[in-house]
Amino acid sequence: MCNKTTFEKHSDALKYLNLQFLILKTLLTDNHGRKINYLRLAVTDRCNLRCFYCMPEEGLNWLSRKELMTYEEMLRSCALLVRMGIEKIRITGGEPFVRKDIMQFLTALSVLPGLNELTITTNGVLTAPLVPELKKIGIRSVNLSLDTLDANRFFSITKRDEFANVMETLEQLLKHKIEVKINAVVMDGKNTQDIIPLVELTKELPISVRFIEEMPFNGDGHIYTGLQWDYVRILDEIRHRYPDMNKLTDSLYSTSYNYHIPGHKGDIGVIAAYSRTFCGTCNRIRITPQGELKTCLYDAGVLNIKDLIRGGATDNDLQNALLKGFSNRPKDGWEAEKNRSKNLPAHESMATIGG
Ligand code: SAM
Ligand code: SF4
């Protein structure tokens with residue numbers, strides 16, 4: 001006969017739950033056997049820049065407060081996803097730092113049990129004064145978007161005179177020893193003359209500069225006429241100037257092909273975001289500012305977490321819905337794009353996708 005005390009029964013239940021999470025953690029894979037352990041969470045669609053490749057000059061049709069996920073809803077979703085196996089969360093947008101009280105949210109996320117890494121992608125306009133606090137809450141790495149080192153070209157690409165603030169953010173990040181990856185989108189006729197100067201930044205600075213292929217997600221800001229600068233052309237341009245650059249070994253889930261130029265303190269990388277060469281090991285999912293789960297950058301969204309939460313879903317309901325979403329993932333971005341074009345035209349902005 002079993003004579004267990006209430007405490008023993010509770011601890012048995014906890015062990016069972018932990019075991020369940022452990023099983024789920026190891027089983028958090030998609031229908032193609034790819035591990036899912038990385039969430040990119042877009043906390044807003046709003047932005048204080050108007051990057052040519054991301055949104056039109058007049059901005060987007062911004063989401064209303066009611067349409068946005070609340071911080072509580074995001075925190076609950078993140079906590080559940082971390083219990084299910086997500087190990088890394090990147091906060092993005094829109095521009096994360098334009099959302100009110102973002103530091104409180106980041107602080108709460110930073111202590112989520114089981115979360116190994118919290119990172120941020122920012123345009124750096126409002127970030128510099130917050131760097132000490134970011135360091136304090138344990139942010140070890142920040143992706144800073146910077147497409148040019150020329151203040152006039154910065155204005156022509158972003159339509160805002162904020163170059164000095166972005167450079168100040170870079171300085172503060174370096175000063176506080178936060179790892180910096182610079183993201184530069186390469187655009188024909190706009191900033192290809194910046195490729196070499198950006199590479200040269202890695203000579204003295206211990207940063208990684210990554211060149212990104214332009215994708216057709218510009219919120220109808222301009223007509224995407226096809227990719228002019230793919231990763232091969234970008235690499236050729238760099239190799240022409242630095243014939244002795246070495247290929248580095250890329251980590252398993254890396255979206256960039258990485259290189260090092262002898263004598264330089266930093267590295268460079270190219271991200272084939274349009275050519276989609278990295279889908280075979282894709283470990284990431286996205287949640288958009290309005291709570292849509294995307295299991296591929298190029299899909300149209302597979303379920304709305306915010307709607308489920310507001311409809312009274314329990315954690316168990318949410319978990320089942322998420323698992324169903326993960327078990328239906330397209331094989332690659334080409335398949336996702338083909339599926340979505342049956343239903344929706346692809347006129348999104350990266351600011352509403354969570355780039
Ligand atoms: N506002 C923040 C920033 O710019 O870093 C975070 C959001 S932004 C959408 C995230 C990243 O997406 C940026 O590095 C940006 O350069 C990139 N991005 C935006 N639109 C893109 C496009 N059409 N093609 C390629 N990358 C794009
Ligand atoms: Fe704003 Fe980032 Fe889009 Fe530029 S890329 S408009 S900074 S959201």
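For the structure, check the block above.
What you are looking at is a predicted structure, and each value in this text was computed from that prediction instead of being measured. (Residues numbered from 1 in each chain as written. Chains lettered and ligands numbered in written order. Predicted model: local features only at pLDDT ≥ 70, side-chain atom pairs only at ≥ 80, totals over all residues. Heavy atoms only, no water.)

Novice: Teacher, can you tell me more about the site of ligand 2 here?
Specialist: Surrounding ligand 2, one finds Cys 47, Leu 49, Cys 51, Tyr 53, Cys 54, Met 55, Gly 94 and Asn 123. Its residues assigned to classes, the shell around ligand 2 comprises 6 nonpolar, 2 polar and no charged. (Near = heavy atom within 4 Å. Nonpolar A, V, L, I, M, F, W, Y, C, P; charged D, E, K, R; others polar.)

Novice: Can you walk me through the site of ligand 1 in this structure?
Specialist: By nearness alone, 18 residues border ligand 1, and Tyr 53, Gly 94, Ser 145, Met 215 and Met 350 come closest of all. Glu 95 places a polar side-chain atom, nitrogen or oxygen, 3.2 Å from a nitrogen atom of ligand 1. In isolation ligand 1 offers 540 Å² of accessible surface; the protein chains occlude 96% of this area. For the shell around ligand 1, a count of residues per class yields 6 nonpolar, 9 polar and 3 charged. (Polar contact = N/O pair within 3.5 Å; in protein donor to acceptor, adjacent residues only side chain to side chain. Areas by Shrake-Rupley, 256 points an atom, 1.4 Å probe, with all protein chains shown as cover.)

Novice: Can you walk me through the sheet that holds strand S9 (residues 267–271) in this structure?
Specialist: By way of backbone hydrogen bonds, the strands of a sheet pair with one another, either parallel or antiparallel. The 12 strands lie next to each other as S7-S8-S9-S6-S5-S4-S3-S2-S1-S10-S11-S12, forming an open sheet whose pairing is mixed. Each of the sheet's edge strands pairs with one partner strand only, and the pair in question is strand S7 (246–247) and strand S12 (303–304). The sheet strands contacting helix H8 (residues 231–241) are strand S5 (179–186), strand S6 (208–213), strand S8 (256–260) and S9, and the helix crosses S9 at an angle near 155°. (Pairing = 2+ DSSP bridges. Helix = DSSP H or I, 4+ residues; strand = E, 2+ residues; numbered from the N terminus. Contact = heavy atoms within 4.5 Å. Axes fitted to C-alpha atoms, helices over the stretch in contact; angles between N-to-C directions.)

Novice: Quick question: what am I supposed to make of the pattern of salt bridges here?
Specialist: Side-chain pairs of opposite charge can arise whenever the charged atoms involved come near each other. Overall, the coordinates contain 15 salt bridges when judged by the stated rule. In this structure, Arg 83 and Asp 315 form a salt bridge, with 2.9 Å as the shortest nitrogen-oxygen distance. In this pair, Arg 83 is assigned in helix H2 (residues 71–84) and Asp 315 in helix H10 (residues 315–326), connecting sequence segments 232 residues apart. Note on Asp 315: relative accessible area 28%, which makes it partly exposed. Among the ionic pairs, Lys 331 bridges to Glu 335, the shortest N-O distance being 4.0 Å. For Lys 331, a relative accessible area of 46% gives the class partly exposed. (Salt bridge = Lys/Arg side-chain N within 4 Å of Asp/Glu carboxyl O. Buried < 20%, exposed > 50% of the residue type's maximum accessible area, 1.4 Å probe, protein only.)

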